[in-house]
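# Structure assessment
Below are the chains, spelled out letter by letter.
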Amino acid sequence: QVRLVESGGGLVQAGGSLRLSCAASGGTFSTYTMGWFRQAPGKEREFVAYTSWSGTRYHADSVKDRFTISRENAKNTVYLQMSSLKPEDTAVYYCAATRLGGVVRREMYDYWGQGAQVTVSS
């Protein structure tokens, strides 16, 4: 059983930056594809980015060139560096894990963290 714990959320002004972290335990971290999703009030949870166990990275068009996902297998941690933040980036951000290759569909992920709130003020 994999446990995921996000940290690093908070309140930031538009144009600012934040880095989210997700610490994993209970599994062999390097064998999992790790993803970030987000859910704004009244909206469905949407894909943000993933980093696969093979090293492939992929970002949603809405965050491409502003957000960067990375992982540090020695620390069992995945990161989401967010810059040039916009008010529409306001959401609860979730870390997720799957043994599958790079996938963007949330139903393909088996393990989820509790979420971290990111609020971007205008």
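Residues numbered from 1 in each chain as written. Predicted model: local features only at pLDDT ≥ 70, side-chain atom pairs only at ≥ 80, totals over all residues. Heavy atoms only, no water.

### A look at the side chain of His59
As a reminder, the rule being used: Secondary structure follows DSSP: runs of H or I at least 4 residues long count as helices, runs of E at least 2 residues long count as strands, and numbering of each begins at the N terminus. Throughout this description, buried means an accessible area under 20% of the type-specific maximum (1.4 Å probe, protein chains only), exposed means over 50%, and partly exposed covers the range between. Think of a polar contact as two N or O atoms within 3.5 Å of one another; within protein, one of them needs to be a possible hydrogen donor and the other a possible acceptor, and neighboring residues in sequence only count if both atoms come from side chains. Contacts are assigned to residue pairs with any non-hydrogen atoms lying within 4.5 Å of each other.
Within the fold, His59 resides in strand S6 (residues 57–59). Accessibility expressed as a relative area gives 15% for His59, which makes it buried. At a separation of 3.0 Å, a polar atom in the side chain of His59 contacts the main-chain amide nitrogen of Ile69. Excluding residues within four positions of it along the chain, His59 makes contact with Phe47, Val48, Ala49, Lys64, Phe67, Thr68 and Ile69.

### A closer look at the pattern of salt bridges
As a reminder, the rule being used: Each reported salt bridge corresponds to a side-chain nitrogen of Lys or Arg within 4 Å of a carboxyl oxygen of Asp or Glu.
Scanning the model with the defined rule gives six salt bridges in all. With its nearest N and O atoms 4.0 Å apart, the salt bridge here joins Lys75 to Glu72. You can call Glu72 partly exposed: its relative accessible area is 30%. One salt-bridge network, in which partners are shared between bridges, spans Arg38, Glu46, Arg66 and Asp89.

### Thoughts on the side chain of Arg38
Along the chain, the position of Arg38 falls in strand S4 (residues 33–39). In terms of polar contacts, Arg38 uses its side chain to reach the side chain of Asp89, at 2.9 Å. Of the polar contacts made by the side chain of Arg38, one reaches the side chain of Tyr93; its length is 3.0 Å. In this structure Arg38 touches Glu44, Arg45, Glu46, Val48, Ser62, Val63, Phe67, Asp89, Ala91, Val92 and Tyr93, once residues within four positions along its chain are discounted.

### Points about the nonpolar core
To keep things clear, this is the line we draw: Joining through side-chain atoms within 4.5 Å is the link that ties buried Ala, Val, Leu, Ile, Met, Phe, Trp, Tyr and Cys residues into a set, and such a set is a nonpolar core.
Of all hydrophobic cores here, the largest spans 36 residues; its most connected members are Leu4, Met34, Trp36, Leu80, Met82 and Tyr93. The set of elements that each furnish at least two residues to this core consists of strand S3 (18–25), S4, strand S5 (46–51), strand S7 (67–72), strand S8 (77–82), strand S9 (91–98) and strand S11 (116–121). The greatest single-element share of this core, amounting to five residues, is contributed by S9. The contact partners of Met82, leaving out residues within four places of it in the chain, are Gly16, Ser17, Leu18, Leu20, Arg66, Phe67, Tyr93 and Val118.

### Comments concerning the environment of Cys22
Note that Cys22 resides in strand S3. A C-alpha to C-alpha distance of 9.9 Å links Cys22 and Gly35, two positions 13 residues apart in sequence. If near-sequence neighbours (up to four positions away) are discounted, Cys22 is found in contact with Leu4, Val5, Glu6, Met34, Trp36, Asn76, Thr77, Val78 and Cys95.

### Points about the state of the cysteines
Convention followed: Any pair of cysteine sulfurs within 2.5 Å is marked as a disulfide.
The final tally for this structure, using the stated rule, is one disulfide. Bridging Cys22 to Cys95, the disulfide has an S-S length of 2.1 Å. Across the S-S bond linking Cys22 and Cys95, the dihedral sits near -75 degrees, which makes this disulfide left-handed. With Cys22 in strand S3 and Cys95 in strand S9, this pair connects stretches of sequence that are 73 residues apart.

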